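Okay, here's what each chain looks like letter by letter:
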Amino acid sequence: MTSIINENTLLAILKTKHHCEPSSIRVLDWHTDENILEAGSNFTTRASRLTIRYRLEIGTHEEDISPLEENFFVKVPGNAPLYELAKSLGWYINEVAMYTEVFPQMRCIVDNQDEFFALKCHYSDDDLSLVLEDLSQSGYRCADRVQQLNIEHCFYVLRSLAKFHALSVKLETTVGLAECVKRKPIFQSEGVSESNMAFMKSQVPVFIDSLPQNLKDRYPNMLAYFENFSCVEVMNKIANRSTSSNFNVLCHGDFWTNNIMFKYDKYGTIEDVKLIDFQLTSWSNPAKDLIYFTITSVKFEVYVKYFPLMLRIYLDTLNRVLSQLNCTN
């Protein structure tokens, strides 16, 4: 991981963060910590936390300047369980384009930058590495993926998702989104590839193992069912339907609890939401993200009781933001 970090990289990161010249920055020390994610939460990249101690020497004497310390989140392709698959499907190129092209364009049309739903990118390189702001430094964390989300969390998430979808429509109808982020979903309409099928089958035991115990007890033969279930026809129907919609947006593609971070106040009340991991985006029906999120991340009792209200929250936010952006069509 440290191979991408050198003096020039450090200066480039701090220059982007502080909008100053490299000559004003003096790096004192730096180190990385690669043990920052729990097992099973990262399949396609190597992740680490980069800590930099430095001084900003702008118009004052060096002895009057207190050292600063900043953490950053580093994502590097390679040495991950799904590296080869991710590389062949263009996931790394996709995410770099999102952070370096799409999100900066979106930020230009958003009034309150503090409420923007995605991380800031401070550095990227030709090897598709990313250096992002470290949300944990500001108190953000993921919710428990096993416990799943209550209705309050769902409302916050769906409002953020609707803003993302609406901004993608605005960009597509004005400047046009980068083609790589609009590529077809992993389940393509002309047929699911052998590598994708192998990936799906390999993830069935992982998926079942992640389910709440009460569901595993209720359906003890679930693994055998999925092993004998041919999903190619179903996936093709999903792909065809999602790309032939009259209203498409830039879908996240992997929209579940692990890719959503929450910030809470001292009383445990949600203050903000950020969305992360944009490797699987595609230009598709917004229902793709909504269904994926509901199935993977919403408590079953919340779904049963509140699903119509959840859709109303999403639609009201989507239409309001589209109207504010003058996307009346």
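Rules and cut-offs
- Residues numbered from 1 in each chain as written.
- Predicted model: local features only at pLDDT ≥ 70, side-chain atom pairs only at ≥ 80, totals over all residues.
- Heavy atoms only, no water.
- Pairing = 2+ DSSP bridges.
- Helix = DSSP H or I, 4+ residues; strand = E, 2+ residues; numbered from the N terminus.
- Axes fitted to C-alpha atoms, helices over the stretch in contact; angles between N-to-C directions.
- Contact = heavy atoms within 4.5 Å.
- Phe/Tyr/Trp six-rings, centres within 6.5 Å; stacked < 30°, edge-to-face > 60°.
- 1 Å grid on protein atoms, 1.4 Å probe; cavity = no way out; pocket = protein on both sides within 12 Å on 5 of 7 lines; lining within 4 Å.
- Points joined across faces, edges and corners; volume = space filled by probe spheres on them.
- Expected span 1.5 Å × (residues − 1).
- Bend = angle between axes of the 7 residues up to and from the residue.
- Buried < 20%, exposed > 50% of the residue type's maximum accessible area, 1.4 Å probe, protein only.

**Describing the sheet that holds strand β1 (residues 25-33)**
Point 1. Here five strands make up an open sheet; going across it, the order is β1-β2-β3-β5-β4 and the pairing antiparallel. Looking at strand neighbours, the two that pair on one side only are β1 and β4 (121-124), the edges of this open sheet. When the angles between neighbouring strand axes are averaged without regard to direction, this sheet yields 25°.
Point 2. Bridging between strand β3 (residues 68-77) and strand β5 (residues 130-133) involves four bridges; their strand directions are antiparallel. Residue Lys75 lies in a different strand from β5, and its bridge partner there is Leu130.
Point 3. Strands β1, β2 (45-56), β3, β4 and β5 of the sheet are contacted by helix α1 (residues 7-18), whose axis makes an angle of about 150° with β4.

**Examining the side chain of Asn94**
Point 1. Inspection of the secondary structure assignment puts Asn94 in helix α3 (residues 91-107).
Point 2. Residues within four places of Asn94 in sequence aside, it is in contact with Cys180, Val181, Arg183, Phe278, Gln279, Leu280 and Thr281.

**Some details on the packing of aromatic side chains**
Point 1. Under the counting rule described, the total for this entry stands at 12 aromatic pairs.
Point 2. Among the aromatic residues, those joined into a ring-pair cluster are Tyr99, Phe103, Phe116, Phe117, Phe164 and Phe278.

**Details of empty space enclosed by the protein**
Point 1. As enumerated under the stated definition, the model contains one cavity of 30 Å³ or more in all.
Point 2. The space that makes up the largest cavity amounts to roughly 50 Å³.
Point 3. If you go around the largest cavity, the residues you meet are Thr45, Lys75, Val76, Pro77, Trp91, Tyr92, Glu95, Val96, Leu128, Leu130 and Gln279.
Point 4. Mapped onto the lining of the largest cavity, the elements with two or more residues apiece are β3 and α3.

**Focus: helix α10 (residues 300-324)**
Point 1. Its 25 residues give α10 an end-to-end C-alpha distance of 34 Å, which sits within 8% of 36 Å, the value for a rise of 1.5 Å per residue.
Point 2. Helix geometry: α10 is bent most strongly at Tyr306, by close to 75°, with proline Pro308 lying one to four residues after it.
Point 3. For α10, every residue scored as buried is listed here: Val302, Met310, Ile313, Tyr314, Thr317, Leu318, Val321 and Leu322.
Point 4. In this fold, the buried residues of α10 make contact with α4 (151-174) and α9 (287-297).
Point 5. Downstream of α10 by one or two residues, Asn326 has phi in the positive range, about 60°.

**Points about the sheet that holds strand β6 (residues 140-142)**
Point 1. The antiparallel open sheet is built from three strands, whose spatial order is β6-β8-β9. Each end of this open sheet is capped by a strand with a single partner; those strands are β6 and β9 (270-275). The average angle at which neighbouring strand axes cross in this sheet is 35°, direction not considered.
Point 2. Relative to strand β8 (residues 260-264), β6 is paired through three bridges, and the arrangement is antiparallel. Across the sheet, Tyr140 pairs through a bridge with Lys263, a residue of β8.
Point 3. Sheet contacts for α4: β8 and β9; angle to β9, the most-contacted strand, approximately 45°.

These results come straight from atomic positions and should not be treated as a statement about function.
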